[in-house]
Amino acid sequence: MSAIPSPTPPAAAALPLAGIRVVDVATVIAAPYCATVLGEFGADVLKVEHPLGGDALRRFGTPSARGDTLTWLSEARNKRSVTLDLRHPDGRHLFERLVEQTDVLCENFRTGTLEKWGLGWERLRAINPRLVMLRVTGYGQTGPYRDRPGFARVAHAVGGIAYLAGMPKGTPVTPGSTTLADYMTGLYGALGVLLALRHRDATGEGQYVDAALYESIFRCTEELAPAYGMYGTVRERHGSSHNDFACPHGHFATRDGKWVAISCATDKLFARLAQAMGRAELASSSTYGEQKTRLAHCHDVNEIVRDWCGSLTRQEVLARCYATATPAGPLNDIADIFGDRQFHARRNLVAVDLAETGETIVCPAPVPLLSETPGSIRSLGPKLGEHTDEVLRDLLGLGDDEIAALHARRVV
Amino acid sequence: MRAAAPPPAAPSASTAPRPLDGVRVVDVGNFLAGPYAAAVLGEFGAEVLKVEHPIAGDPMRRYGTATPRPDATLKWLSESRNKKSVTIDLRQGEGVAIFRRLLERSDVLIENFRPGTMEEWGLGWKDVHAVNPRLVMLRVSGYGQTGPYRRRSGFAHIAQAFAGLNYLCGFPGETPVLPGTVPLGDYIASLYGAIGILVALRHRERTGRGQLVDVAIYEAVFRVLEEIAAAYGLHGTVREREGAGSFVACPHGHFRAGDGKWLAIACTTDKMFERLAEAMEQPHLASSGLYGEQRRRLAARDTVNQLVGEWVAARPREGVLARCLAHEVPAGELNSIADIFDDAHFQARGNLERVHAPDVGDVVVPGVVPRLSATPGRVTHLGPTLGDATDAVLGTLLGLADDELARLRHHRII
């Protein structure tokens, strides 16, 4: 643990999004993660939360001694917390004044909620024509299912990848992480916001980005739709392999009870594997040298690879694969990752001390890595309302008395 | 054979301005990790020049489901959308010289060779930065440009395993499976890459300086695993496979309806379970004495899942969903691609676009994501034939004469 470094201080060069103000009035991960990415690259992110309880992400997952969960501490990095009750007319008024001075607004209320409060796109655009607004919901702002509640798990199912995850004919499983669709939508959202900012800087015209959790998933299903459209092929679950196109391609257990991934997309790569296994003859044209032969005898080929992997430790299997440049790697669990040299060399893990509790929070470092203006973690997720007063004072010009009155009435 | 009702014809055909009009991207990558970033930029107006080897081209042309065109699988057609193909052999010195001239006139370079390969050709970051200081370069590889494993070959499958995602996919104690689609890591890495490019372009606009965006596929995947690192760091918790469920909420998983179709139900809070119990017409299940509290449901996870499973299995999927949705229970179809083609919402949102590809016919591809209100992206054409724009680009942009092009072609440099 001591080997995990503290965050790298921000680069000397001004971060590329310095001067951009983001209001993140969203909850949990999807739209907020867009704001997180923008914040890593220098945007000032104001997390607007309900005065009682705040963002549900504060309670999602493993709690820290401070009460807020680890996901909150990690993913609300660099944000300032401002409490504001949008159900209260005075709260809505303050929100409008905030939006006047904001470049980007991220929200993920159920469709129609902001409109009900008089804070829909048309209204906000009238207040600030330069505003870029990210709207995230399970199904998007249009279409027959737009009012359905949307969660990442449901998006994985609707978007088509849950159906593909699992053993053939077995129960479909979670695609590795229950929040995948949230993160992917945050990424698509950030992409949309950056594109919209570029257009705005050129023309002065803001716009909104309409993101649906299920769409982020469906977009990443490569030729699933074209193959059904053209040939009626319904792809099914393939377990750990990818038997449609390549063999061997899957997960294999090693003698020490660990797992490796081996992926031979081409004949050349299979020849390297055969060499690694000390059985170069398997890659001859009369045996399994060609992909179509291997696919036709996939069960047999997998069994050969399985037997070989099962006879060696993971380290031995991988050393032999790497020696012949066969694409292979460990199936790391998080303990493996903490011990891995590559993760350390790339500084993918950073340790941040939580001053109030003395806990050390290990977070994933910002991605992507930029050479001139790398993103940074300047602080962990804030306490609820930690920055309310400074924002009301400095940004909206409220006096101490007004701020005290707002607190007393629980507007903030 | 056509299996499905036709989706609406290309709804993105439009002439609205796009935010990346005037940006030129050179995409010299293979397969998807990196090239998908180029595809996204192309959807939003960038001119994308796909630089390929003159004889073989991108191997993705041959990977996946075949079409009547020998140089194009369906995967190629869909994911090389909007690109122009320019053939240049970077293994020949004269090819490298032409490529450098192209970079002088470009804004973004995207590559995903094994780290060190571009350097061998004299096209490493320092070289291209010297050629064009305004250039933004995206490099995608399995393990990144630095660190002890940088030279290892890293496909998405391997990188996802290395990142810790594949370990989490499957049933506890059983063989880990793939998280649904193999190249998920390629897409995620490309999304981070595209974000990096847009951030770098913004910086360049102000300072005139380009920079390098270094994306490791494993790192992109690891970044999206929420609290896994923090929980291990603080408590030593090693997260394991959760099967179809979740360790933090119950019922939260996949259930099979009476008609054999699957659906997902996600009750993350007590309130949602209460609604589900009402939908099941068994409101007592949500009482405090029974399963009203998450803690209790997690302790009795098998029983709760069985109760829900039996209720779901007793009726067709449509009936289950109708009841769930009437009670605002988060639930949805677990769709196969056949289900998706029939789905009213996919149709209404235009998620499936039918685009004509010469010599192939109509191909149904996923539409553009993200969806912008004023400057929507669009699919103008599908994956190009090999070298379809070589003459136009080298002739018009670099000013090479016809006889020069003929000579280069004769020597297989282009």
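Residues numbered from 1 in each chain as written. Chains lettered and ligands numbered in written order. Predicted model: local features only at pLDDT ≥ 70, side-chain atom pairs only at ≥ 80, totals over all residues.

K.L.:
So what exactly am I meant to see when it comes to the overall build of chain A here?
P.N.:
Tallying secondary structure elements over chain A gives 17 helices and twelve strands in all. Along the longest, intermediate and shortest principal axes, the C-alpha atoms of chain A span 85 × 55 × 40 Å. Burial analysis of chain A (412 residues in total) assigns 58% to the buried set. Pairs at least 24 apart in sequence give 70% of the contacts found in chain A among residues at least 6 apart. (Helix = DSSP H or I, 4+ residues; strand = E, 2+ residues; numbered from the N terminus. Buried ≥ 20, exposed ≤ 12 C-beta atoms within 10 Å, placed from the backbone. Contact = placed C-beta atoms within 7 Å.)

K.L.:
Mind showing me how you'd approach the sheet that holds strand β7 (residues 252–256) of chain B here?
P.N.:
All names here are of chain B. One open sheet holds the three strands; their spatial order is β7-β8-β9, and the pairing between them is antiparallel. Bordering the open sheet on either side are β7 and β9 (331–333), each of which pairs with just one other strand. For this sheet, the mean inter-axis angle between neighbouring strands, taken without regard to orientation, is 25 degrees. Direction of pairing for β7 relative to strand β8 (residues 262–266): antiparallel, over a ladder of five bridges. (Pairing = 2+ DSSP bridges. Axes fitted to C-alpha atoms, helices over the stretch in contact; angles between N-to-C directions.)

K.L.:
Sorry if this is basic, but what is going on with the domain arrangement of chain B here?
P.N.:
How large an interface is tends to be reported as the accessible area lost when its parts come together. Taken domain by domain, chain B holds domain 1 (24–225 + 351–410) and domain 2 (252–342). Between the C-alpha centres of domain 1 of chain B and domain 2 of chain B the distance comes to 42 Å. (Domains from an automatic or database assignment.)

K.L.:
Explain the sheet that holds strand β8 (residues 259–263) of chain A here, please?
P.N.:
Backbone-to-backbone hydrogen bonds pair the strands of a sheet. The strands run either parallel or antiparallel. Residue and element names in this part refer to chain A. Pairing within the open sheet is antiparallel, and its three strands lie in the order β7-β8-β9. Edge strands, defined here as strands with exactly one partner in the open sheet, are β7 (249–253) and β9 (328–330). Across this sheet, the average inter-strand angle for adjacent strands is 20 degrees, counted without regard to direction. With five bridges connecting them, β7 and β8 associate as antiparallel partners. Residue pairing for β8: G250 is matched across the bridge by I262. Helix-sheet contacts for helix α12 (residues 298–310) involve β7 and β8, and the interaxial angle to β7 is about 35 degrees.

K.L.:
Any chance you could explain the interface of chain A and chain B here in plain terms?
P.N.:
Between chain A and chain B, the residue contacts involve 124 residues of the former and 125 residues of the latter. Ranked by residues supplied to the side of chain A that touches chain B, first place goes to helix α7 (residues 180–203) of chain A with 14 residues. Its residues placed into classes, the side of chain A that touches chain B shows 71 nonpolar, 38 polar and 15 charged. With two bridges joining them, strand β12 (residues 369–370) of chain A and strand β6 (residues 212–216) of chain B adopt antiparallel strand pairing. Its bridge partner lying in β6 of chain B, L370 of chain A is registered against V213 of chain B. (Nonpolar A, V, L, I, M, F, W, Y, C, P; charged D, E, K, R; others polar.)

K.L.:
What is the right way to look at the packing of helix α1 (residues 35–43) of chain B against helix α7 (residues 184–207) of chain B in this model?
P.N.:
What describes two packed helices is the angle between their axes and the distance between those same axes. Residues and elements named next belong to chain B. Running from N to C, α1 and α7 point in directions that differ by 55 degrees, and their axes come no closer than 7 Å. Considered as vectors, α1 and α7 are oriented oblique to each other. Both α1 and α7 take part in a crossing whose hand is right-handed. Each of Y36, A37, V40 and L41 in α1 lies in contact with α7, whose residues at this interface are D186, Y187, S190, G193, A194 and I197. Across the contact of α1 with α7, the residue classes break down as seven nonpolar, two polar and one charged. (Parallel < 35°, antiparallel > 145°, perpendicular 65-115°, else oblique. Left-handed = near helix turned anticlockwise from the far one by under 90°.)

K.L.:
Looking at this structure, how should I read the environment of E52 of chain B?
P.N.:
Relative to the elements of secondary structure, E52 of chain B occurs in strand β2 (residues 47–52). With residues up to four places along the chain from it excluded, the contact list for E52 of chain B reads G57, D58, S85, T87 and L386 of chain B.

K.L.:
When you look at the pairing of β7 of chain B in this model, what are you seeing that I'm missing?
P.N.:
Each regular strand shows side chains that alternate between the opposite faces of the sheet. Summarising burial for β7 of chain B: four of the five residues are buried, a large majority. Here β7 of chain B hands over to β8 of chain B after five residues, with G260 of chain B in that stretch at a positive phi of 85 degrees.

K.L.:
Could you clarify how one ought to interpret the nonpolar core in this entry?
P.N.:
One recurring pattern in soluble globular proteins: nonpolar side chains tend to sit buried together. Formed by 270 residues in total, the largest nonpolar core has its most connected members in L38 and V193 of chain A together with L41, I195, I197, L263 and I265 of chain B. Excluding anything up to four places from it in sequence, I265 of chain B contacts P251, G253, F255, L276, V308, C324, V329 and A331 of chain B. (Core = buried A, V, L, I, M, F, W, Y, C linked by C-beta atoms within 7 Å.)

K.L.:
Which parts of the structure should I look at to understand the domain arrangement of chain A?
P.N.:
Partitioning chain A into domains gives domain 1 (21–220 + 366–408) and domain 2 (249–338). For domain 1 of chain A versus domain 2 of chain A, the separation of C-alpha centres amounts to 43 Å.

K.L.:
Honestly, helix α3 (residues 89–100) of chain A in this entry has me stumped. Any pointers?
P.N.:
Residues that lie three or four places apart on an α-helix share one face, since the helix turns once every 3.6 residues. All names here are of chain A. Across its twelve residues, α3 extends 17 Å between first and last C-alpha, which sits within 8% of the 16 Å expected from 1.5 Å per residue. For α3, the complete set of buried residues consists of G91, L94, F95, L98 and V99. All buried residues of α3 project into a common sector of 145 degrees when viewed along the axis, lining one side. Seen from the open side of α3, the exposed residues pointing more than 90 degrees away from its buried face are P89 and H93. (Expected span 1.5 Å × (residues − 1). Arc of directions from axis to C-beta.)

K.L.:
Can you help me understand helix α9 (residues 224–231) of chain A in this one?
P.N.:
With respect to burial, α9 of chain A is a largely interior element, seven of its eight residues being buried. Within α9 of chain A, burial applies to L224, A225, P226, A227, Y228, G229 and M230 of chain A. Of the surrounding secondary structure, the elements contacted by the buried residues of α9 of chain A are α2 (74–79), α14 (337–342), β10 (352–357) and β11 (361–366) of chain B. With its phi angle positive at about 70 degrees, G232 of chain A sits one or two positions after the end of α9 of chain A.

K.L.:
Sorry, what's going on with the packing of helix α1 (residues 30–40) of chain A against α7 of chain A here?
P.N.:
All names here are of chain A. Look at α1 against α7: their axes get within 7 Å of each other, and the N-to-C directions meet at 55 degrees. With respect to α7, the element α1 is oriented oblique. In this structure, α1 meets α7 at a crossing whose hand is right-handed. Between α1 and α7, the contacting residues are A30, A31, Y33, C34, V37 and L38 on the first element and D182, Y183, T185, G186, G189, A190 and V193 on the second. Here the residues of the contact of α1 with α7 are counted per class, giving nine nonpolar, three polar and one charged.

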